[in-house]
Amino acid sequence: MQRLVLLIPDVNLAGKIVDELLVARVKEDEIHIIAKEGVPLDNLPEAGLAEKTDLIPSIKRGLASGSATGLLAGLAAVLLPTGIVAAGGAVILATTLGGAAMGAWFSSMIGISVPSEEMRKYEKAIEAGELLMLVDIPRSRTDEIVQLIRSHHPEAEIKEAEYIPPMLPEMSDD
């Protein structure tokens, strides 16, 4: 998937772009709009916690560090003379999974309180009243969607197009 990051000057233009994206068969749940507190978005698709905060990257970091810590704890428990050598594999598995769960949970608590990378990058523009629009599309459609937006709405500023790895493996070639 590719994420287009756009700065839109006002809600009316954002509504027009969203309508055109929907006609171009971009799913509504792949369009996320972030605005300054108090700006009414009407029926526009507002960004959720996953887009506004560092939640997903934090969970991934927590899973990795928690798994590694749990694995090391399991290995230490099996290798030290504790008398649980017979259940070694189960202990290592249990501590690794437990560490992963704890790491993800603790990291999510922190990540939910930290603004996302996009929010930090465009914080001044958002505070000035512009809207940040994030559009997740298959990489194969990036040029088509960028051309659509640029041809109809040159005042919408396309800031970047970044690759976002899927959370789960997908069956498509995008």
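Coordinates for the structure precede this section.
Note that the coordinates shown come from a computational prediction; the quantities given were computed from them, not determined experimentally.

(A) Quick look at the pattern of salt bridges. For the structure shown, the criterion picks out 6 salt bridges. As a salt-bridge pair, D136 and R3 come within 2.7 Å of each other at their nearest N and O atoms. Taken as a pair, D136 in strand β3 (residues 131–137) and R3 in strand β1 (residues 2–8) lie far apart in primary sequence, 133 residues in all. No difference in accessibility class separates D136 from R3, as the two residues are buried. The shortest N-O distance in the salt bridge between R141 and E144 comes to 2.8 Å. Relative accessible area serves as the criterion here: at 44%, E144 is assigned to the partly exposed category.

(B) Just the pairing of β1, in detail. With 7 of 7 residues buried, β1 is to be regarded as a mostly interior element. Residues of β1 alternate between two faces, with Q2, L4, L6 and I8 on one and R3, V5 and L7 on the opposite face, all of them buried. Strand direction decides the pairing type here: β1 and β3, joined by 7 bridges, are antiparallel. The residue bridging L4 from the neighbouring strand is V135, located in β3.

(C) Representation of helix α1 (residues 11–23) in the model. Taking 1.5 Å of rise per residue, the 13 residues of α1 would be expected to cover 18 Å, and the 18 Å separating its terminal C-alpha atoms lies within 8% of that figure. For α1, the set of buried residues is V11, L13, A14, G15, I17, V18 and L21. Lining the buried residues of α1 we find β1, β2 (31–34), β3 and α7 (142–152). A side-chain oxygen of the first residue of α1 lies 3.1 Å from the backbone nitrogen of N12; this N-cap is D10. Immediately beyond the C-terminal end of α1, within one or two residues, lies R25, with a positive phi of roughly 70°.

(D) Representation of unusual backbone geometry. Here R25, not a glycine, exhibits a phi torsion of approximately 70°, which is positive. Within the secondary structure, R25 sits in the loop between α1 and β2. On the basis of relative accessible area, R25 is assigned to the exposed category, the value being 73%.

(E) Region of interest: the packing of aromatic side chains. Per the counting criterion, the structure on display carries 1 aromatic pair. A centroid spacing of 5.2 Å and a plane angle of 35° characterise the contact between W105 and F106, whose relative ring orientation is tilted. For W105, a relative accessible area of 45% translates into the label partly exposed. Assessed through its relative accessible area of 46%, F106 is described here as partly exposed.

(F) Region of the structure containing the layout of surface pockets. The computed volume of the second largest pocket comes to approximately 310 Å³. The wall of the second largest pocket is formed by 16 residues, among which I34, A35, K36, E37 and M119 lie closest to the centre. Looking at the lining of the second largest pocket, the elements with two or more residues in it are β2, α5 (117–121) and α6 (123–127). With 3 residues, the single largest contributor to the lining of the second largest pocket is α6.

(G) Examining a nonpolar patch on the surface more closely. Together, M102, W105, F106, M109 and I110 make up an exposed nonpolar region whose accessible area comes to about 550 Å². Turning to its location among the elements, I110 is positioned in helix α4 (residues 88–111). Judged by its relative accessible area of 56%, I110 is exposed.

Scoring rules and cut-offs
- Residues numbered from 1 in each chain as written.
- Predicted model: local features only at pLDDT ≥ 70, side-chain atom pairs only at ≥ 80, totals over all residues.
- Heavy atoms only, no water.
- Salt bridge = Lys/Arg side-chain N within 4 Å of Asp/Glu carboxyl O.
- Helix = DSSP H or I, 4+ residues; strand = E, 2+ residues; numbered from the N terminus.
- Buried < 20%, exposed > 50% of the residue type's maximum accessible area, 1.4 Å probe, protein only.
- Pairing = 2+ DSSP bridges.
- Expected span 1.5 Å × (residues − 1).
- Contact = heavy atoms within 4.5 Å.
- Polar contact = N/O pair within 3.5 Å; in protein donor to acceptor, adjacent residues only side chain to side chain.
- Phe/Tyr/Trp six-rings, centres within 6.5 Å; stacked < 30°, edge-to-face > 60°.
- 1 Å grid on protein atoms, 1.4 Å probe; cavity = no way out; pocket = protein on both sides within 12 Å on 5 of 7 lines; lining within 4 Å.
- Points joined across faces, edges and corners; volume = space filled by probe spheres on them.
- Patch = residues over 30% accessible without salt bridge, like charges linked within 9 Å, V, L, I, M, F, W, Y side chains within 5 Å.
- Areas by Shrake-Rupley, 256 points an atom, 1.4 Å probe, with all protein chains shown as cover.

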